[in-house]
Amino acid sequence: MGKNQRRDKIARLISWGHWFTFANIILCLLIGIIYIDSTPSPTTFISTVYLIVNWIGHFAFLPFVFFIILIFPFCLLIPYSKVLRSIAALISSLGIVALIFDALFFRHYGYHLNAYSLAQMAKDAEAAFTGASFVIILMIMLGFLILLGFELLLANYTWKHLSELQHRRLGAPATTVFVLCFFASHSIHVWADAELYDPITQQDDTFPLSYPTTAKTLMSKHGFIEVENYQAQQQKLMSAENIRLRYPHNTLLCSKTSQTQGITLVVFDRLNAEQSQRVGEVANDNGLTQVDIQLLAHPSREGGLFQLLYGLPDFYQETIENQNISPAYLKPLADFGIDVSWHTSPNWSQELGLTQFKADWNAEPLSSFYPRNENQVNVVLLSHEDIDRLPAILGSLGQQRVLLSSLAPSNTEGLLGQQQFKPENMRVTLWEKDFALPQQSIGGLMDLMPTALSRVMSCAGGTQSFSNGEDLMNGGERWPLVETYSPYIVIYDQELITVLDNNGQYNIYRRDDFSRLDGAEPTVPVLIDALKDLKRFSGRARD
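Owing to the predicted nature of the structure, the values given are computational and were not obtained by experimental measurement.

Cut-offs used in this document
Residues numbered from 1 in each chain as written. Predicted model: local features only at pLDDT ≥ 70, side-chain atom pairs only at ≥ 80, totals over all residues. Heavy atoms only, no water. 1 Å grid on protein atoms, 1.4 Å probe; cavity = no way out; pocket = protein on both sides within 12 Å on 5 of 7 lines; lining within 4 Å. Points joined across faces, edges and corners; volume = space filled by probe spheres on them. Helix = DSSP H or I, 4+ residues; strand = E, 2+ residues; numbered from the N terminus. Nonpolar A, V, L, I, M, F, W, Y, C, P; charged D, E, K, R; others polar. Buried < 20%, exposed > 50% of the residue type's maximum accessible area, 1.4 Å probe, protein only. Polar contact = N/O pair within 3.5 Å; in protein donor to acceptor, adjacent residues only side chain to side chain. Pairing = 2+ DSSP bridges. Contact = heavy atoms within 4.5 Å. Axes fitted to C-alpha atoms, helices over the stretch in contact; angles between N-to-C directions. Salt bridge = Lys/Arg side-chain N within 4 Å of Asp/Glu carboxyl O. Phe/Tyr/Trp six-rings, centres within 6.5 Å; stacked < 30°, edge-to-face > 60°. Lys NZ or Arg CZ within 6 Å of the ring centre and 35° of its normal. Parallel < 35°, antiparallel > 145°, perpendicular 65-115°, else oblique. Left-handed = near helix turned anticlockwise from the far one by under 90°.

### Description of the layout of surface pockets
Which parts of space are left empty comes out when a probe the size of a water molecule is rolled across the atoms. What the second largest pocket holds in volume is close to 940 Å³. Around the second largest pocket, the lining comprises 39 residues; the ones closest to its centre are Arg-478, Trp-479, Pro-480, Leu-481 and Val-526. Within the residue set of the lining of the second largest pocket, elements represented by two or more residues are helix 4 (115–128), strand 14 (481–485), strand 16 (496–500) and helix 18 (524–534). Tallying contributions element by element places helix 18 first for the lining of the second largest pocket, with six residues. Within the lining of the second largest pocket, the residues separate by chemical class into 18 nonpolar, ten polar and eleven charged.

Structure, rendered in structure tokens:
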């Protein structure tokens, strides 16, 4: 083959590759509609424009990059059209299959495919199609063969009609549109990130392999903004004044259970090891048993009290206080004729009053505590100085169900940095009577109220409409456990612990010895799920 003839053939193959890629861009744009349909609609005009140009630019960019990396080199190395068309069809089929799987996974779970999500998808598929794994594999293979056949037809059609396609002069206008949309989307995102414009920045995870240019990295690098000022604005956006609370998450549709047995939660503010042992002895003498669970408390008593009473992360505490909101479960309990009372001992700190959460929410003195065996829910708040009172309190409860624990561990105040979040340092003991709680891997204070209330009322959607906690009666493995210890978010997983602060900085530790893993990154799907669950009851107030 002569030099000029080879050059002409390569040029023709490259031209064909462009048209073949253009056809796959159209196909990717159609698949991209699944992502758009799976996310909330934009709320402003500029965010709608951004979504459209980002959709066009991103799904034009992906196939083009695959062409440059995976197909273009074959045009130079193997200038034989039949071989090249087969290779291109195979590569395109694999890419389209991956995109379709990712789109369907994103529609169902809300994040994109990776090693973690593949394992999750395989687990869910096995659960949904028990015993039908062979059928699933067969269907996937059949679908791939159909797509491969389509790509071969597309490759052959564009090759045979290449001259006709070149004469239509569609390439230049289409390329111009794609390039303009690509740069426009990134330019708009730079502005949105600098202004902390949530309707645009919340779209960052919509499309796969999307890494939009951010103002923090780009503009600070070139001296257009100061990072400290940017972070100050970001913290202001996350402040309680800008949170629009949606609590309860849905209207509580609850029914009273057939069980009328009264329930009492006895909670100490903070116990050291010696005091906890004394409480355990009193609990055992009064028929309570220790629950086999790693129950994590809160470093501060105030944060622990909020998590206990509301079953919510302390992320919402300031908003609850500002908006003067009562716990959502009080209304259905009142409708059912279940008496709810709060009692504090004389030694209970005045700084931990219930009025800090709601102005007219007052606890009664411990001397007025008269428990009944039925239709009653009590919360008794004690100081570590009240251990001697505990035998009389437990003895007066009669046939009531009982949960007994404390708000804060004893040894976190003196710890520096993030060592306080070590599970052994956060753990408190939980005792129970007549709950028969199964063995648990891990739990938190937010779980106690849902556990108690699930015995007296049953709500549509379980306790998730009014709490981030879970009923400990469910048992089983529960990973990850997500806790907020303001200003930190801590994700406890089976092997790792991720600690994030309010500036987006994070550290990852081994769970067994709490040694820090340098260079490790959070598992993105786990992180996304954690943040979504934490913010289930919030939105952003718009100006």
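### A closer look at the side chain of Gln-440
Turning to its location among the elements, Gln-440 is positioned in the loop between strand 11 (431–433) and strand 12 (443–444). Taking relative accessible area as the criterion, Gln-440 reaches 9% and is therefore assigned buried. For Gln-440, the side chain forms a polar contact with the main-chain oxygen of Pro-438, separated by 3.2 Å.

### Some details on the sheet that holds strand 3 (residues 263–270)
The pairing of strands in a sheet happens through backbone hydrogen bonds and is either parallel or antiparallel. Across the sheet, which stays open at both edges, the seven strands sit in the order 4-11-9-3-8-6-7 with mixed pairing between neighbours. Where the open sheet ends on each side, the last strands, each with one partner, are strand 4 (289–290) and strand 7 (364–365). Of the strands in this sheet, strand 3, strand 6 (339–344), strand 8 (376–382) and strand 9 (401–408) touch helix 12 (residues 301–310), which is tilted by about 150° from strand 9.

### Thoughts on the pattern of salt bridges
Evaluation of the coordinates by the stated rule reveals twelve salt bridges. Arg-478 is paired through a salt bridge with Asp-447; the nearest N and O atoms lie 2.5 Å apart. Pair noted here: Arg-478 is in the loop between strand 13 (457–459) and strand 14 and Asp-447 is in the loop between strand 12 and helix 17 (448–453), with a separation of 31 residues, a long-range link. Exposure remark for Asp-447: the relative accessible area of 1% places this residue in the buried category.

### With respect to the packing of aromatic side chains
Per the counting criterion, the structure on display carries 25 aromatic pairs. Relative to Phe-22, the ring of Trp-19 lies with its centre 5.9 Å away and its plane at 80°, an arrangement referred to as edge-to-face. Here the residue Trp-19 and the residue Phe-22 both occupy positions in helix 1 (residues 3–37), the gap between them amounting to three residues, near one helical turn. A cation sits over an aromatic face here: Arg-12 above Trp-159, 4.5 Å from the ring centre. Above the plane of the ring of Phe-435 lies Arg-401, whose end atom (NZ or CZ) is 5.8 Å from the centre.

### Some points on unusual backbone geometry
The amide bond that connects Tyr-247 to the next residue, Pro-248, takes the cis arrangement and shows omega of 0°. Looking at the element boundaries, Pro-248 is found in the loop between strand 1 (243–245) and strand 2 (254–256). A cis amide bond links Ser-486 with the next residue in sequence, Pro-487, at an omega value of 10°. In this structure, Pro-487 sits in the loop between strand 14 and strand 15 (488–492). If you check the backbone angles, Ala-436 has positive phi at about 50° while not being a glycine.

### Things to note about the packing of helix 2 (residues 45–77) against helix 3 (residues 81–109)
One way to put it is that helix 2 packs onto helix 3 with a least axis distance of 11 Å and a crossing angle of 150°. In this view, helix 2 runs roughly antiparallel relative to helix 3, as classed from their interaxial angle. Seen along the crossing, helix 2 lies across helix 3 with a hand that is right-handed. On helix 3, the residues touching Phe-59, Leu-70, Ile-71, Phe-74 and Cys-75 of helix 2 are Leu-84, Ile-87, Ala-88, Ile-91, Ser-92 and Leu-99. Within the contact of helix 2 with helix 3, the residues separate by chemical class into ten nonpolar, one polar and no charged.

Function cannot be read off these values alone, since they describe shape.
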